[in-house]
Amino acid sequence: NDKLLYRLLVFGNGFEALLISSSDATKNKAAASVVVGGGSFSDPQGRCEGLAHYLEHMLFMGSAKYPREDEMEEFLAKHGGYSNAFTESA
């Protein structure tokens, strides 16, 4: 009974994205999710503990497109969205 449309994109660097869409005009929402196979278990043992968590925070500290801290979050909120990130240990 699933009426959604699915499309898998595979990029040259091995990154995969799954696009899910609906022809139902009342479903006018979008979402994105990214899973990275790394985390605190990838931190160099005995040094740099917390590196993965630090880098996670750096993702939201500004970029070329959204240079101010929290500018991307403001953009998402303005359009009814939000972001969330976490670092998990194995």
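Here, every reference points to the structure presented above.
Numbers given to residues run from 1 along each chain, matching the order in which its sequence is written. Where local features are concerned, this predicted model is filtered to residues with pLDDT of at least 70; where side-chain atom pairs are given and counted, the filter is 80 or more; whole-chain, interface and lining totals use all residues. Water and hydrogen atoms were dropped before computing side-chain values, which therefore reflect all heavy atoms in the structure.

Digging into the packing of aromatic side chains
Two rings from Phe, Tyr or Trp (for Trp, the six-membered ring) form a pair when their centres sit within 6.5 Å of each other. Planes less than 30 degrees apart are called stacked, planes more than 60 degrees apart edge-to-face, and all others tilted. Under the defined criterion, the tally for this structure stands at two aromatic pairs. The interplanar angle of 45° and the centroid separation of 5.8 Å between the aromatic rings of F11 and F15 together place this pair among those described as tilted. Burial classes follow relative accessibility: with a 1.4 Å probe on protein chains only, a residue under 20% of its type's maximum area counts as buried, one over 50% as exposed, and anything between as partly exposed. For F15, a relative accessible area of 40% corresponds to the partly exposed category.

As for the pattern of salt bridges
The salt bridge criterion pairs a side-chain nitrogen of Lys or Arg with a carboxyl oxygen of Asp or Glu, the two atoms within 4 Å. Counted under the stated rule, the structure contains two salt bridges. The network of salt bridges with common partners includes R68, E71 and E74.

Some thoughts on the side chain of D43
Following the sequence through the fold, D43 ends up in the loop between β2 (16–21) and α1 (51–58). Positive residues here are Lys and Arg, negative ones are Asp and Glu, while His and the chain termini are left out of the count. Within the buried core, D43 has no salt-bridge partner, and the shortest N-O distance to an opposite charge, that of R47, equals 10 Å. A distance of 2.9 Å separates a polar atom in the side chain of D43 from the backbone nitrogen of G50. Beyond its immediate sequence surroundings of up to four residues, D43 is in contact with C48, E49, G50, L51 and A52. Only DSSP runs of H or I with at least four residues qualify as helices, and only runs of E with at least two residues qualify as strands; both kinds are numbered from the N terminus onward. Contacts described as polar in this section are N or O atom pairs within 3.5 Å, which, within protein, must combine one atom able to donate a hydrogen with one able to accept it, while residues neighboring in sequence count only if both atoms come from side chains. Only heavy atoms matter for contacts: two residues are in contact if any of them lie within 4.5 Å across the pair.

Things to note about unusual backbone geometry
A positive phi angle, near 65°, is found at C48, a position not held by glycine. Locating C48 in the fold gives a position in the loop between β2 and α1. The phi angle at D70 is positive, at roughly 70°, despite the residue not being glycine.

Re a nonpolar patch on the surface
Each patch groups residues whose relative accessible area exceeds 30% and which form no salt bridge, using 9 Å between like charges and 5 Å between nonpolar side chains of Val, Leu, Ile, Met, Phe, Trp and Tyr. Each accessible area is a Shrake-Rupley estimate made with a 1.4 Å probe; only the visible protein chains count as cover when residues are assessed. The grouping of L4, Y6, L8, V10, L18 and I20 at the surface amounts to a nonpolar patch, some 590 Å² of accessible area in total. Those elements giving two or more residues to the nonpolar patch turn out to be β1 (5–10) and β2. For the nonpolar patch, the element with the highest residue contribution is β1, accounting for three residues. Along the chain, L4 turns up in the segment before β1.

Describing the environment of L59
Take L59: it is sitting in the loop between α1 and α2 (71–78). The spatial distance from the C-alpha of L59 to the C-alpha of E69 is 9.9 Å, given a sequence separation of ten residues.

Describing the pairing of β2
Taken together, the six bridges between β1 and β2 define a ladder with antiparallel strand orientation. When the bridges of β2 are listed, L9 appears paired with A17. We treat two strands as partners when DSSP finds at least two bridges between them. The turn joining β1 and β2, which pair antiparallel and follow one another in sequence, is formed by five residues; a positive phi near 90° is taken by G14.

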